[in-house]
Each structure stands twice: as structure tokens, then as C-alpha cells.
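Close look at the chain arrangement
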Amino acid sequence: MTEVRVDVEGRTLTLSNLDKVLYPRTGTTKGEVIDYYARIAPVMLPHLAHRCVTRVRWPHGVAGSSFFEKNAPAGTPSWVHTAKVPTTGSRGESRHGDTLVFPIVDDLATLTWLANLAALELHVHQWTVGSRGQPRNPDRLVIDLDPGEGAGLHECASVALLVRGKLAERDLEAWPVTSGSKGLHLYAHLPGRLDPEGSTGLAKEVAEELQQEHPKAITATMTKARRSGKVFLDWSQNAGSKTTLSPYSLRGRDKPWVATPVTWDEVEAGAEDPLALEQLRFEEVLDRVADHGDLLTGLSR
């Protein structure tokens with residue numbers, strides 16, 4: 001196993017197997033993954049700040065098996081910030097006094113350390129933690145637009161415009177992000193008055209209103225059998241225990257797609273033309289950021 005010792009903002013890291021291919025279809029190596037996360041860090045870190053990070057790791061690449069990891073693993077460097085938080089149920093309540101110790105990704109060294117562990121996907125809650133690790137109320141809401149069989153990103157774009165309207169009726173501005181898989185994520189900044197149960201209820205209210213108004217195109221029902229040809233509005237990811245792929249995170253798919261912030265002009269074009277909006281690879285995302293900066297600047301206030 002080849003190893004390289006590097007200095008990352010004053011932290012010494014040992015990087016291994018940089019030539020290992022993690023995405024066989026594109027030949028993308030672990031070294032390229034680490035490089036992507038290093039280069040995207042200036043715009044990604046604000047969206048990870050103060051959030052517990054659940055990782056999905058592919059130690060043998062995306063053609064192999066993966067596993068979710070919540071607790072900081074054995075061997076976590078002492079300088080990695082962590083938060084010890086109660087294990088929560090779907091409504092955000094503590095269960096049996098159990099706790100989890102999550103890493104907090106607040107600097108480039110921690111992001112690089114996770115990339116070296118083949119943590120391709122970084123998932124976060126919609127709530128942050130305080131200075132002592134205590135969970136705060138969520139500062140953002142998310143609705144995951146997941147297309148069922150026979151639907152795709154084109155249908156998601158059309159539905160996203162409807163969701164934007166419903167959120168606007170509630171004085172909430174929406175930011176669209178491609179999911180890096182099949183659909184779209186829509187975020188809205190919350191003023192902090194709602195707890196996870198309240199934000200979940202708000203997202204569910206929006207989803208069910210749209211299901212009632214557009215029953216042939218939209219479903220708010222979890223049952224997969226009812227999603228064919230429709231876009232499922234997953235409101236449940238606002239629950240205290242649930243997470244969503246972070247903006248700018250890679251996805252463990254056959255290609256190195258990224259959860260990519262897009263403009264509403266792009267979404268509107270995607271609603272008109274099925275070929276106008278697509279999932280983007282990490283090279284394209286780096287180019288977009290170089291040209292436009294972070295399209296989600298207003299989300300992390």
C-alpha cells in the first residue's frame with residue numbers, strides 16, 4: 001500500500017492508495033476524489049459547518065459494497081472536532097439516553113481525512129449543533145424530489161417550480177440542487193423557530209397540498225408502488241434523525257456525479273426541454289464554481 005504524508009493547513013495526514021480507481025466506469029481515482037474535495041472546500045465547508053456528518057464509504061470503489069457510518073471511526077485524529085448528541089427518533093426525541101459521536105467537518109483537513117477514507121457521500125441533518133454539541137432547531141428545510149419509474153429530471157424540474165411557489169406563499173425562498181442521482185433537492189432557509197417536528201410538518205403540508213392539486217404528477221406517499229410516472233416529494237428528511245446528501249458532495253453512483261446547486265433559470269429550462277438539465281460530474285461542478293461561485297450563498301446565513 002503506497003502512502004504519502006501531506007500537510008493540510010498545519011495538520012499532517014497520511015494519504016493512501018491515491019491511484020486506486022473508485023469509479024471504474026470513468027477511471028476516477030481516489031487521488032482525484034481527494035483533489036475534488038480540496039478544491040470544492042471553500043464553497044462546501046459553509047454548508048457542512050456545525051453539522052453532524054454521516055458518511056457513506058466505498059473502500060473498494062462504487063463497484064463494491066458500501067456502508068453508512070455515523071460515529072467517528074476508530075483512529076479518528078484528536079484534532080477532528082466531534083459532537084456527542086442524543087440518538088433521536090423520527091420526531092427528534094431522545095431515545096433511552098443513547099448518544100452518537102459524529103465528526104464535524106469544519107476545515108479542509110477534516111474533509112481531506114474523510115475523502116482519504118473513501119467517504120464519497122457526506123450526509124447532514126437540517127439542524128446544527130451549538131458550541132457544546134447540543135442540537136439546535138433546524139435552520140433549513142429540504143424537500144427531496146424523487147422521480148418514480150417513467151419520470152426523470154425533466155418532471156422533477158416542472159414539479160420544482162410548483163414547490164417553489166408553495167414555499168413562496170409561506171415567505172420562504174427556495175434553492176434548487178441536483179441530487180447527483182435522479183432528482184432534485186429544494187432547500188429553504190428557516191428562521192430557527194421550528195423544531196424538527198415543526199419543519200417536517202411544514203414540508204409535509206407543502207407536499208400534500210401539491211399532491212391534492214396535481215395527483216397525476218405528484219405523490220407525497222412513501223409507498224413506492226404509487227410513484228410510477230410521478231415525482232415523490234419526500235418531506236421526511238427534515239426529521240431530527242434523517243439526513244440529506246450535502247450540497248457539493250459526490251455521489252456513489254457509476255459516475256462521479258455531484259449534488260450541484262443550479263439556478264432557477266436552469267430549472268425552468270429543464271421543465272421546458274428534457275435535455276436541458278442533467279446531473280453533473282465533479283469536473284463540471286468545479287468549472288461552474290470558478291465561473292459563478294456558490295449559488296447557495298443565501299442559504300447559509
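Here, the structure is the one placed above.
Calculation rules
- Residues numbered from 1 in each chain as written.
- Predicted model: local features only at pLDDT ≥ 70, side-chain atom pairs only at ≥ 80, totals over all residues.
- Heavy atoms only, no water.
- Helix = DSSP H or I, 4+ residues; strand = E, 2+ residues; numbered from the N terminus.
- Rg over C-alpha atoms; globule rule 2.2 N^0.38 Å.
- Buried < 20%, exposed > 50% of the residue type's maximum accessible area, 1.4 Å probe, protein only.
- Contact = heavy atoms within 4.5 Å.
- Pairing = 2+ DSSP bridges.
- Axes fitted to C-alpha atoms, helices over the stretch in contact; angles between N-to-C directions.
- Phe/Tyr/Trp six-rings, centres within 6.5 Å; stacked < 30°, edge-to-face > 60°.
- Core = buried A, V, L, I, M, F, W, Y, C linked by side-chain atoms within 4.5 Å.
- Expected span 1.5 Å × (residues − 1).
- Parallel < 35°, antiparallel > 145°, perpendicular 65-115°, else oblique.
- Left-handed = near helix turned anticlockwise from the far one by under 90°.
- Nonpolar A, V, L, I, M, F, W, Y, C, P; charged D, E, K, R; others polar.

**As for the overall build of the chain**
Along the chain, the regular secondary structure elements total six helices and 19 strands. Computed over C-alpha atoms, the radius of gyration of the chain comes to 19 Å, within 12% of the 19 Å expected from 2.2 N^0.38 for 301 residues, which places it in the range of a compact globule. Oriented by its inertia axes, the alpha-carbon framework of the chain measures out at about 55 × 45 × 35 Å. Sorting the 301 residues of the chain into buried and exposed places 53% on the buried side. Counted over contacts in the chain with a minimum sequence separation of 6, partners at least 24 positions apart contribute 67%.

**Notes on unusual backbone geometry**
Positive phi, close to 65°, is recorded for histidine 50, a residue that is not glycine. Within the secondary structure, histidine 50 sits in the loop between helix 1 (30-48) and strand 5 (53-57). Judged by its relative accessible area of 47%, histidine 50 falls in the partly exposed class. The backbone of alanine 118 sits at a positive phi, close to 60°, despite the residue not being glycine. Residue position: alanine 118 is located in the loop between helix 2 (108-116) and strand 9 (119-124).

**Section: the sheet that holds strand 13 (residues 174-178)**
The sheet built from five strands is open, its strands ordered 13-14-12-16-15 with mixed pairing. Pairing within the sheet leaves two strands with one partner each, and these edge strands are strand 13 and strand 15 (218-219). With two bridges joining them, strand 15 and strand 16 (residues 231-234) adopt parallel strand pairing. Note that in strand 16 the partner of threonine 219 across the bridge is phenylalanine 232. Helix-sheet contacts for helix 3 (residues 153-169) involve strand 12 (140-147), strand 13, strand 14 (184-189), strand 15 and strand 16, and the interaxial angle to strand 14 is about 15°.

**Digging into the packing of aromatic side chains**
With the rule as written, the count across this model stands at two aromatic pairs. Look at tyrosine 36 and phenylalanine 282: their rings are 5.8 Å apart centre to centre, the planes differ by 70°, and that puts the pair in the edge-to-face class. Note that tyrosine 36 is positioned in helix 1 and phenylalanine 282 in helix 6 (residues 282-292), a separation of 246 residues in sequence. Three or more aromatic residues joined by ring pairs form one cluster here, namely Tyr36, Tyr37 and Phe282.

**What about the nonpolar core?**
Ranked by size, the top nonpolar core spans 40 residues in total, and within it Tyr36, Tyr37, Ile40, Leu48, Leu111 and Leu122 carry the most contacts. When contributions to this core are tallied by element, the ones reaching two or more residues are strand 2 (11-16), strand 3 (21-23), helix 1, strand 5, helix 2, strand 9 and helix 6. In terms of residues, this core owes the most to one element, helix 1, which gives 10 residues. Aside from chain neighbours lying at most four places away, what touches isoleucine 40 is Tyr248, Val285, Leu286 and Val289. Among the nonpolar cores identified, the runner-up in size contains 31 residues, and Leu145, Ala174, Val206 and Leu277 belong to it.

**Things to note about the sheet that holds strand 5**
As summarised here, the arrangement of the four strands in space is 6-5-9-17, forming an open sheet in which the pairing is antiparallel. Lying at the two open borders of the sheet, with one neighbouring strand each, are strand 6 (67-69) and strand 17 (244-245). Both strand 9 and strand 17 contribute to a ladder of two bridges, which runs antiparallel. Residue pairing in the sheet places valine 124 in a bridge with threonine 244 of strand 17. The strands touched by helix 1 are strand 5 and strand 9; relative to strand 9, the strand with the most contacts, the crossing angle is about 5°.

**Some remarks on helix 3**
Its 17 residues give helix 3 an end-to-end C-alpha distance of 24 Å, which sits within 8% of 24 Å, the value for a rise of 1.5 Å per residue. The complete set of buried residues in helix 3 reads Leu153, Cys156, Ala157, Val159, Ala160, Val163, Lys166 and Leu167.

**Observations regarding helix 2**
Taken across its nine residues, helix 2 has nine buried, putting it largely inside the fold. Of all the residues in helix 2, the buried ones are Leu108, Ala109, Thr110, Leu111, Thr112, Trp113, Leu114, Ala115 and Asn116. Immediately beyond the C-terminal end of helix 2, within one or two residues, lies alanine 118, with a positive phi of roughly 60°.

**Description of the packing of helix 1 against helix 6**
For the pair helix 1 and helix 6, the least separation of the axes is 11 Å and the interaxial angle reads 25°. It follows that helix 1 is roughly parallel to helix 6 by the angle criterion. Once helix 1 is placed against helix 6, the crossing between them reads as left-handed. Two secondary-structure elements touch here, helix 1 through Glu32, Tyr36, Arg39, Ile40 and Val43 and helix 6 through Phe282, Val285, Leu286 and Val289. Tallied by class, the residues present in the contact of helix 1 with helix 6 amount to seven nonpolar, no polar and two charged.

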